[in-house]
Structures are given as C-alpha cells and as structure tokens.
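Letter by letter, the chains look like this.
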Amino acid sequence: MGSGSIKLIVLGQDPTVKNEASRKSIKTVLNLDKNGSARAYLSGVSQKLGIDLKQHVYATNLFKNFFVQPPTQIKQIDIFQTFLPAWLPYLKDELAQYPDIPVITLGEPVLQTILMPGLPDRLREYWGVHGTTPRSQS
C-alpha cells in the first residue's frame, strides 16, 4: 500500500500464518492486497479519516519473521519481550522515514510491547472508549 503521500501507519504484530504452504502467497503486509477482514476494517478507518487505504496508508509489522504459531499462543516464552530487542531497531528505522505520521496498532499485544512503562496499555484508552460494552451471552 502507500503509493502516495503517507498519512497513517498501521502496525501489525507479525506475518504469521498457520498454514505454512499459504505463506508463499503473501505479497503485502496484513494481506491488504486481498479482500479480507483486515482490509475491510482498515478501509473503513481510512474512509472515516478521509484518506485512501491504497495511497495514504503504510502498513508494517512489529516482527518480520513467521512464528510456528501466533505469538500470543506460544506459552513457553514471552515472544514479545524475547524478540523485541532484535526487531525494534529495524522498526524504528523503518518508521523514521515517516516523521510525525500517526501510528495505530492492531491489537493490544503490540501496543503493550512498544509502550513506555506507565502509559495505558489498553486500546480502548487510545480510542476514547470509556466503560465496558456488554457481551452477548450464548
């Protein structure tokens, strides 16, 4: 994405796809080149911000490597804290190309990993959501 002037950065977790064979078909971060839930969601966000997903959004991942499972499902080690020292310098260099561009994260594990201590680590705090929303009971 991002063929024009970048106005928003989307930060995902990692490119992990459970089905190893399908990894070869990934050509764009977050599969934003394919119709799917991430593209639909980010298209809606972009539209509400008055920007075009294809032209104005730069998408990247905190971690650039595939894991054998999604990191939140690996319980033997804390993937986020273990791999952060290896990948954070690359992410900082990558994002330095876009100074003063807002960054949104897709998921609390990423947000919790990159925040400085003492800052709120819940996405709802950044989106301005107060209180709780009742979940439907099944």
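A quick note: this is a predicted structure, and the numbers were derived from the prediction, not measured.

The rules we used
Residues numbered from 1 in each chain as written. Predicted model: local features only at pLDDT ≥ 70, side-chain atom pairs only at ≥ 80, totals over all residues. Heavy atoms only, no water. Helix = DSSP H or I, 4+ residues; strand = E, 2+ residues; numbered from the N terminus. Buried < 20%, exposed > 50% of the residue type's maximum accessible area, 1.4 Å probe, protein only. Contact = heavy atoms within 4.5 Å. Areas by Shrake-Rupley, 256 points an atom, 1.4 Å probe, with all protein chains shown as cover. Core = buried A, V, L, I, M, F, W, Y, C linked by side-chain atoms within 4.5 Å. Expected span 1.5 Å × (residues − 1). Arc of directions from axis to C-beta. Pairing = 2+ DSSP bridges. Axes fitted to C-alpha atoms, helices over the stretch in contact; angles between N-to-C directions.

Novice: Just give me the short version of the overall build of the protein chain, but keep the residues and values in it.
Specialist: Across its full length, the protein chain holds five helices and three strands. Across the 138 residues of the protein chain, 33% fall into the buried class. Considering only intrachain contacts with a sequence separation of at least 6, the fraction spanning at least 24 residues in the protein chain is 69%. Of the roughly 9,200 Å² of accessible surface on the protein chain, a fraction of 53% belongs to carbon and sulfur atoms.

Novice: I'd like a rundown of the nonpolar core, residues and numbers included.
Specialist: Within the largest apolar cluster, 15 residues are counted, with the highest numbers of intra-cluster contacts made by Ile 9, Leu 11, Leu 62, Phe 63, Phe 67 and Leu 91. Ranked by residue count, the leading element in this core is helix α3 (residues 79-96), at six residues. Formed by 10 residues, the second largest nonpolar core is a distinct cluster that contains Val 10, Val 45, Val 57 and Ile 104.

Novice: Got a sec to walk through helix α1 (residues 37-49)? Specific residues and values, please.
Specialist: Here α1 contains 13 residues, and its C-alpha end-to-end distance of 18 Å stays within 8% of the 18 Å for a straight helix at 1.5 Å per residue. Within α1, burial applies to Arg 39, Leu 42, Val 45 and Ser 46. Along the long axis of α1, the arc covered by the buried residues comes to 130°, so they all point the same way. Those residues of α1 that are exposed and aimed more than 90 degrees away from the buried face are Ser 37, Ala 40, Gln 47 and Lys 48. Packed against the buried residues of α1 are β1 (8-12), α2 (53-56), β2 (57-61) and β3 (103-105).

Novice: If you had to explain the environment of Ser 5 to someone new, which residues and values would you point to?
Specialist: Inspection of the secondary structure assignment puts Ser 5 in the segment before β1. The class for Ser 5 is partly exposed, based on a relative accessible area of 48%. Along the primary structure Ser 5 and Tyr 98 are separated by 93 residues, whereas in three dimensions their C-alpha atoms are 9.9 Å apart. The residues contacting Ser 5, other than those within four sequence positions of it, are Gln 55 and His 56.

Novice: Could you give an account of the pairing of β2, with specific residues and numbers?
Specialist: Most of β2 is tucked away, with five of its five residues classed as buried. Alternating residues of β2 divide into Val 57, Ala 59 and Asn 61 and Tyr 58 and Thr 60, and every residue in both groups is buried. The pairing of β1 with β2 spans five bridges and is parallel. Of the residues in β2, the one forming a bridge with Ile 9 is Tyr 58.

Novice: So what about the environment of Leu 42? Which residues, and what values?
Specialist: Mapped onto the elements, Leu 42 comes out in helix α1. Here Leu 42 falls in the buried class, since its relative accessible area comes to 1%. Separated by 15 residues in the primary sequence, Leu 42 and Val 57 place their C-alpha atoms 9.1 Å from one another. Excluding its chain neighbours within four sequence positions, the residues that come into contact with Leu 42 are Val 10, Leu 30, Leu 32, Leu 53, Ile 104 and Leu 106.

Novice: Could you give me a rundown of the sheet that holds β2, with the residues and numbers involved?
Specialist: Within the open sheet, the three strands sit side by side as β2-β1-β3. Their pairing is parallel. A single partner strand is all that each edge strand has here, and the edge strands are β2 and β3. Here the strands of the sheet are splayed against their neighbours by 25° on average, with no regard to which way each runs. Sheet analysis places β1 next to β3, joined by three bridges and oriented parallel. Residue pairing in the sheet places Leu 11 in a bridge with Thr 105 of β3.

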